[in-house]
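Take a look at the letters that make up each chain.
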Amino acid sequence: MFSSVKDDNFCFPIPDVLETAKLKLVPFIPALHAEAIINSTDKDAWHYIPFGPFSSAQEFIEGFYERWIHPRRGETLFIGLDKTKLNTDGEPTPLGMCGYVHTEPDDLWTELFVLVLPQARHTHVASHMIGLLMRYALNLPAEGGLGLRRVQWSANVKNEGSIGLARKMGMRIEGVKRWARVLEVEKAEGGNGIATRKGDPREECAGRDTVTLAICWDEWEDEGKEQVERILAM
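Being a predicted model, the structure only gives us computed values, none of them experimental.

Undergrad: Mind laying out the environment of Asp-7, listing which residues take part and the relevant values?
TA: Topologically, Asp-7 is positioned in the segment before strand E1 (18–19). Taking C-alpha positions, Asp-7 is 27 Å from Glu-229, a pair spaced 222 residues apart along the chain. If sequence neighbours within four positions are ignored, Asp-7 has contacts with Ile-14, Phe-28, Tyr-65, His-70, Glu-75 and Thr-76. Within polar-contact distance, the side chain of Asp-7 engages the backbone nitrogen of Asn-9 at 2.9 Å. One polar contact links Asp-7 to Thr-76, side chain to side chain, over a distance of 3.0 Å.

Undergrad: Describe in detail the pairing of strand E4 (residues 92–104), supporting the description with residues and values.
TA: By the bridge criterion, eight bridges tie strand E3 (residues 76–86) to E4 in an arrangement that is antiparallel. Directly across from Leu-77, in E4, lies its bridge partner Gly-99. With antiparallel pairing between neighbouring strands as the criterion, E3 and E4 make up a hairpin whose turn holds five residues, including Gly-90 at a positive phi of roughly 80°. When E4 meets strand E5 (residues 109–116), the two strands line up antiparallel, connected through seven bridges. Following the sheet pairing, Tyr-100 is matched in E5 by Leu-112. Counted between consecutive antiparallel strands, the loop separating E4 from E5 contains four residues, among which Leu-108 sits at a positive phi close to 60°.

Undergrad: Talk me through the pattern of salt bridges; I want residue IDs and the actual numbers.
TA: Overall, the coordinates contain nine salt bridges when judged by the stated rule. Note that Lys-225 is salt-bridged to Glu-143, the shortest N-O span being 3.0 Å. Taken together, the positions of Lys-225 in helix H5 (residues 217–232) and Glu-143 in the loop between helix H3 (124–138) and strand E6 (150–156) put the pair 82 residues apart, joining distant regions of the chain. The exposure class assigned to Lys-225 is partly exposed, which follows from its relative accessible area of 26%. A salt bridge links Arg-172 to Glu-219, with the shortest nitrogen-to-oxygen separation between them at 2.7 Å. Taken together, the residues span a long stretch of sequence, with Arg-172 in strand E7 (residues 172–182) and Glu-219 in helix H5 at a distance of 47 residues. Given the relative accessible area of 55%, Arg-172 is considered exposed.

Undergrad: For the sheet that holds E7, give the residues involved together with the corresponding values.
TA: Read across the sheet, eight strands follow the order E1-E2-E3-E4-E5-E6-E8-E7 without closing on themselves; strand pairing throughout is mixed. Sheet topology places E1 and E7 at the edges, where each strand pairs with a single neighbour. The strands touched by helix H2 (residues 57–69) are E3 and E4; relative to E3, the strand with the most contacts, the crossing angle is about 125°. On the sheet, helix H4 (residues 160–168) packs against E6, E7 and strand E8 (207–216) and is oriented at approximately 160° with respect to E6.

Reading the values: the criteria
Residues numbered from 1 in each chain as written. Predicted model: local features only at pLDDT ≥ 70, side-chain atom pairs only at ≥ 80, totals over all residues. Heavy atoms only, no water. Helix = DSSP H or I, 4+ residues; strand = E, 2+ residues; numbered from the N terminus. Contact = heavy atoms within 4.5 Å. Polar contact = N/O pair within 3.5 Å; in protein donor to acceptor, adjacent residues only side chain to side chain. Pairing = 2+ DSSP bridges. Salt bridge = Lys/Arg side-chain N within 4 Å of Asp/Glu carboxyl O. Buried < 20%, exposed > 50% of the residue type's maximum accessible area, 1.4 Å probe, protein only. Axes fitted to C-alpha atoms, helices over the stretch in contact; angles between N-to-C directions.

This is the structure:
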């Protein structure tokens, strides 16, 4: 039986809803959302993501959510509900999953994670999920936000779509972390990884260079907020 309550272990308050005219973000609740998301993804959705794919909602909850998300104070997930696509009950359709990861409350920064279902690619879903997370993270508490000073984004150096999306949302490339990850064998398919190293402890696994992008509070207040708000109004 999956949990029917939202995450209670994140280091900051988790809002019950963040929304635009087209999309609503709600906290991930395993009993409500796990099967809808996992059963609707394809292998491509997980291609550049270090974890997954998952064969079932049970595997996702036990192998990922309960192991890496819920126990950690710096991680939490949301579900993106597309208000332009209603299900048979007239409710918004779950078309994405996103969240805050590696959050450091003392240093006031976080990193974003986003996964979009196949039917929502090249739509407003990804940009609205990201924009809502940025707005809540970077706006001051007096504006209903957390008042963080930095929001960052990490992507495989070969994932041009992810890098382009982050730049569209106002983030700047800060650099490349070389050999930042070791990829499982299946994650290196399709040219996803770089070379292996014969004789090391994981010689069968390719590596990955990671691009780091970020937007900081001063950039947000200068013009980043206006740029994101324009996107969220589209």
